[in-house]
Amino acid sequence: MADQRADTTPSAESVPAIPVALTAAPGYQVRRLYQAYLAVWVRAVDATLTGPQFAVLTAVDAAPGHDQRSMASAVALDTSTMADVARRLENRGLLVRRTAADDGRRKLLYLTEEGERTLRAAHDRARALDERLLAPYDAGQRADLMDLLTSMADHWEGLAEES
């Protein structure tokens, strides 16, 4: 017997217009960008390596042996999130956390060989994604956009620290 339930998929006519109060809000647009970025990252870069994990691997590759706290700052993660990301990467065999000799509370981070291979493989795909994301803009516009995004991030982080 066929399922008699009504189709609950919204039709184009039934989806309400996005209120101007949202479209005019920078936070709403940033959220849209981030959601779209996450969706394309999974398809274009890596379905199992998240953006924050990629950032941590990249930072550890650039500065091996630094502690978890300073790495958290370098990749814009709070310390508890950083600890969780580092633990997950360690569990996957991509990262090693070693206790600092001078302070048993500090965890120093190093990539494993598998972590290096994973990072190399994801790096080229991430850079190709960057090119796709910025494709509509010429070199000057890209530089201006990156300056604007960096300035906005710096300003918003400053506001967060004031709270």
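Above this text is the structure in question.
## So, unusual backbone geometry
Working step 1: Phi angles above zero are rare outside glycine, and alanine 76 is one such case at about 60 degrees.
Working step 2: For alanine 76, the location among the structural elements is in the loop between helix H4 (68-74) and helix H5 (79-91).

## Regarding the packing of aromatic side chains
Working step 1: What the rule picks out here adds up to two aromatic pairs.
Working step 2: Between tyrosine 37 and tryptophan 41, the ring centres sit 6.0 Å apart and the planes meet at 45 degrees, which makes this aromatic pair tilted. Remark: tryptophan 41 and tyrosine 37 occur in helix H2 (residues 26-44); sequence separation between them is four residues, near one turn of the helix.
Working step 3: For tyrosine 37, a relative accessible area of 27% gives the class partly exposed.
Working step 4: We classify tryptophan 41 as buried; its relative accessible area is 5%.
Working step 5: Here a set of aromatic residues connected by ring pairs shows up, and it is made of Tyr37, Trp41 and Phe54.
Working step 6: In this structure, arginine 98 packs its charged tip against the face of tyrosine 110, placed 4.4 Å from the ring centre.

## Examining H5
Working step 1: In this model, H5 (13 residues) spans 18 Å end to end at C-alpha, consistent with the 18 Å of a helix rising 1.5 Å per residue.
Working step 2: Of the positions making up H5, those classed as buried are Met82, Ala83, Val85, Ala86 and Leu89. Burial along H5 is one-sided: seen end-on, the buried residues are contained in an arc of 165 degrees. Structural note: H5 exposes Ser80 and Asn91 on the side pointing more than 90 degrees away from its buried face.

## Considerations on a nonpolar patch on the surface
Working step 1: There is a patch of nonpolar side chains on the surface, built from Val30, Met152, Trp156 and Leu159 and spanning about 300 Å² of accessible area.
Working step 2: With three residues, the top contributor of residues to the nonpolar patch is helix H7 (residues 139-162).
Working step 3: Structurally, the position occupied by leucine 159 is in helix H7.
Working step 4: Judged by relative accessible area, leucine 159 falls into the partly exposed class, the value being 38%.

## Considerations on the side chain of aspartate 46
Working step 1: In this fold, aspartate 46 is placed in the loop between H2 and helix H3 (51-62).
Working step 2: We classify aspartate 46 as buried; its relative accessible area is 14%.
Working step 3: A polar contact of 2.7 Å, which involves the side chain of aspartate 46, links it to the backbone nitrogen of threonine 48.
Working step 4: In contact with aspartate 46, other than residues within four places in its own chain, are Trp41 and Arg125.

Criteria and cut-off values
Residues numbered from 1 in each chain as written. Predicted model: local features only at pLDDT ≥ 70, side-chain atom pairs only at ≥ 80, totals over all residues. Heavy atoms only, no water. Helix = DSSP H or I, 4+ residues; strand = E, 2+ residues; numbered from the N terminus. Phe/Tyr/Trp six-rings, centres within 6.5 Å; stacked < 30°, edge-to-face > 60°. Buried < 20%, exposed > 50% of the residue type's maximum accessible area, 1.4 Å probe, protein only. Lys NZ or Arg CZ within 6 Å of the ring centre and 35° of its normal. Expected span 1.5 Å × (residues − 1). Arc of directions from axis to C-beta. Patch = residues over 30% accessible without salt bridge, like charges linked within 9 Å, V, L, I, M, F, W, Y side chains within 5 Å. Areas by Shrake-Rupley, 256 points an atom, 1.4 Å probe, with all protein chains shown as cover. Salt bridge = Lys/Arg side-chain N within 4 Å of Asp/Glu carboxyl O. Polar contact = N/O pair within 3.5 Å; in protein donor to acceptor, adjacent residues only side chain to side chain. Contact = heavy atoms within 4.5 Å.

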